[in-house]
Structure formats: C-alpha cells, structure tokens
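Residue-level structure breakdown
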Amino acid sequence: MRQIVSWLGEMLTYPFMQRAFLAGILICVCASLLGVSLVLKRYSMIGDGLSHVGFGALAVASALHLAPLAVTIPVVILAAFVLLRLGENGKLKGDAAVAMFSTGALAVGVMVVSLTTGMNADLNSYLFGSILAMSRNDVVLSVALAVVVLILYLLFYNQLFAVTFDPVFARATGVRTGFFNVLLAVLTAVTVVLGMRMMGALLISSLIIFPALTAMRLCRHYRSVILTAVCLSVSGFVLGMTVSFLFATPAGASIVVVDIVFYGIFAALGAVRSR
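My aim in this report is to walk through the structure given alongside it, one point at a time. (Residues numbered from 1 in each chain as written. Predicted model: local features only at pLDDT ≥ 70, side-chain atom pairs only at ≥ 80, totals over all residues. Heavy atoms only, no water.)

**Some thoughts on the overall build of the chain**
Note the threshold: Under the scheme used here, helices are H or I runs from DSSP no shorter than 4 residues and strands are E runs no shorter than 2 residues, and both carry numbers assigned from the N terminus. A radius of gyration in this sense is built from C-alpha atoms; the matching globule rule multiplies 2.2 Å by the number of residues raised to 0.38. Three exposure classes are used, based on accessible area relative to the maximum for each residue type with a 1.4 Å probe and protein chains only: buried under 20%, partly exposed in between, and exposed over 50%. For this analysis, residues touch if any pair of their heavy atoms sits within 4.5 Å. Accessible surface area values rest on a Shrake-Rupley calculation with a 1.4 Å probe, where residue burial reflects the displayed protein chains alone. In this tally, Lys and Arg are treated as positive and Asp and Glu as negative; His is ignored, and so are the chain termini. By convention, the charge on Lys lies at NZ, on Arg at CZ, on Asp at CG and on Glu at CD.
A tally of helices and strands in the chain yields 13 helices and 0 strands. Taken over C-alpha atoms, the radius of gyration comes to 19 Å for the chain, in line with the 19 Å a tight globule of 275 residues would show. Split into buried and exposed, the 275 residues of the chain put 49% on the buried side. Relative to all contacts within the chain whose residues are 6 or more apart in sequence, the contacts with residues 24 or more apart total 75%. Approximately 13,000 Å² of the chain is accessible, and the part contributed by carbon and sulfur atoms is 70%. Within the chain, the 8 negative side-chain charges are centred at a point lying 10 Å from the centre of the 16 positive side-chain charges.

**Observations concerning the side chain of S206**
The residue S206 is located in helix α11 (residues 205–216) in this model. For S206, a relative accessible area of 8% translates into the label buried. With residues up to four places along the chain from it excluded, the contact list for S206 reads M199, P211, V256 and D259.

**Section: a nonpolar patch on the surface**
Using the following cut-off: Two distance rules govern patches: like charges are joined within 9 Å, and nonpolar side chains (Val, Leu, Ile, Met, Phe, Trp, Tyr) within 5 Å, applied only to residues with over 30% relative accessible area and no salt bridge. Any Lys or Arg side-chain nitrogen found within 4 Å of a carboxyl oxygen on Asp or Glu counts as a salt bridge.
A contiguous nonpolar surface patch, about 330 Å² in accessible area, is contributed by V60, L64, L66 and V108. With respect to the helices and strands, L66 occurs in the loop between α3 (46–63) and α4 (68–88). The exposure class of L66 is partly exposed, given its relative accessible area of 43%.

**Topic: unusual backbone geometry**
The backbone phi angle of H65 is positive, close to 60 degrees, even though this residue is not glycine. We note that A248 has phi near 55 degrees; this positive angle belongs to a residue other than glycine. Take A248: it is sitting in the loop between α12 (222–247) and α13 (251–274).

**Observations regarding α13**
The condition that has to hold: The span you would expect from a helix comes to 1.5 Å times its residue count less one.
Here α13 contains 24 residues, and its C-alpha end-to-end distance of 35 Å stays within 8% of the 34 Å for a straight helix at 1.5 Å per residue. Packing partners of the buried residues in α13 comprise α10 (177–199), α11 and α12.

**Brief notes about the nonpolar core**
Our working definition: Think of a nonpolar core as a cluster: buried Ala, Val, Leu, Ile, Met, Phe, Trp, Tyr and Cys residues, connected wherever their side-chain atoms sit within 4.5 Å.
Residues F21, L50, Y153, L207, F237 and M241 are the most contacted members of the largest nonpolar core, which totals 83 residues. No other element matches the 15 residues that helix α2 (residues 15–40) contributes to this core. With residues up to four places along the chain from it excluded, the contact list for Y153 reads L33, L34, L160, L187, Y222 and I226.

**Re the packing of aromatic side chains**
Selection rule: Here is the rule: rings of Phe, Tyr and Trp (six-membered ring for Trp) pair when centre to centre is within 6.5 Å. Planes less than 30 degrees apart are stacked, more than 60 are edge-to-face, and the remainder are tilted.
This structure, assessed with the given rule, holds 10 aromatic pairs. Summarising the aromatic geometry, the rings of F165 and Y222 are spaced 5.3 Å apart at their centres and angled 80 degrees between planes, so their arrangement reads as edge-to-face. With F165 in helix α8 (residues 157–165) and Y222 in helix α12, the pair connects residues that are 57 residues apart, well separated along the chain. Judged by its relative accessible area of 46%, F165 is partly exposed. On the basis of relative accessibility, which here comes to 9%, the residue Y222 falls in the buried class. With a centroid separation of 5.0 Å and 80 degrees between ring planes, the pair formed by F179 and F180 is classed as edge-to-face. An aromatic cluster of three or more residues is present, and its members are Y153, Y157, F161, F165 and Y222.

Listed below in structure tokens is the structure:
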C-alpha cells in the first residue's frame, strides 16, 4: 500500500496526470451512478451506442473545422433522446436501436475521416483514448459538466429510483416518467462524451457497465449497490492509471482490465456467499 501511495505521488507531479485524475475521477463517479439505473433498466449498452455516435460527430466536426465538443455534446444528447423514443414505441426494441445507431454512426465517422483528413492523432485519441489529449480547456469543461450531472442526479435521486424499478407505479403516483427517462438519457450522453477523451469511444461504455455489474454480485440494496459501484469505479480508475504509468500501457485499456479483475473477485465472493 505504501508503494502504491509513492507511485501516486510521483504520477501527480506531472500536470497532465493532475488533469487526468481530476476529470477522470468525476467522470467515473457520474458513469457508475448512471450505470446502476441503466443496467437495471436493461439498457446498459446505450453507452456503447452513444460513444459511436460521438465519434461520428467528432469526425464531422473535424472535417468542418468546428469545435469538437460543441458539436458532439448536442448531437449525442439528440441521439440519446431518439434512442429512448425508438425503444418506447415498440417498433424497434432498445438493443436493436442501439446497434443500428452504433454501427451507422461509426461507419459515417470512418467514411468522413477517410474522405477528408485521414485518421489524425486527435481523432485517434477519441477512438482509443489518450490522457495526453486532455487540454486544460477539456478538463475545465469536463469538471463543470460532471458537477452539473452529479447535482442533477442527486437532486432527482428519488424520481430516478422510481422510474428505474417500477415506472408504472411511479407514473400512477404522479412522477413524470417520460421526463426523467429523458433526463437519464441526457445525463448519460454528457458523461459518455466527457469520458471519450480518457477512455476512447470503444471503451467508454465499460465505465458504465462494469462497476454496476460488479457491485450487484455482492450487494442487494439499491443504495449499497450505488455506493459500492462508485468506490469500485474510482478505485479501478486509480489502479488502472497506476498500471498505465508504470508499464506504459494505454490508460483506457488498463482501467478496463482492472475492472475485469474486480468483477472476477466479486463474482467469486458472491458464489462463495451463496453457498
């Protein structure tokens, strides 16, 4: 433990690591909180679909020389709203809608890149993630939007809990389930876009899925699942960043590998307890 603390102290002497930890921890907290609701609603792959939409929007923004995040955030929010509506109307189920958006947006992004600038370093960082790509402005925007996501989640915690577990009963008691489903989708969209700089479009959904699924292996109550998921997400981020720093491995992939190890440990503990 003392050695890990020593490594963390060494890492935090670098400004780019300070920026990555500040933004990364907040993004991990947001992703884990939202992930619990998404997993319970059987809509956990929305993060994957929205990340691919984000990549397509980034490719178009780069080709048109526009501000990447200024274009991507509203596009991904719109995609989240459309995905939600498609899943509710019964004609196109949630997983089919996510798959359609995911593959279609990724194909558009690849086509735009191939016809314009090619796969430059900036777009590559959005696809696979890069700590070095996080500028001071990226961190400021990420922190500000992450704080907004956290405030809205805490402010409407009871309503989000209601629409997660029993939307029919929630609607009968006067909760505007449609509005809060849209709010959940919008918060997820913002979190996905913010995390793409760190994790990349191909791995950002892991921040949403793994902590929630891992916590559910041992915890049985909603609040305990949320708290455990947040702790696992932040711990996975810190350990993954440490592994990345020590072995010069990609940050996003290192964080996911640590999350996989956590899941294996919790799954084993859950199996032992069930006996």
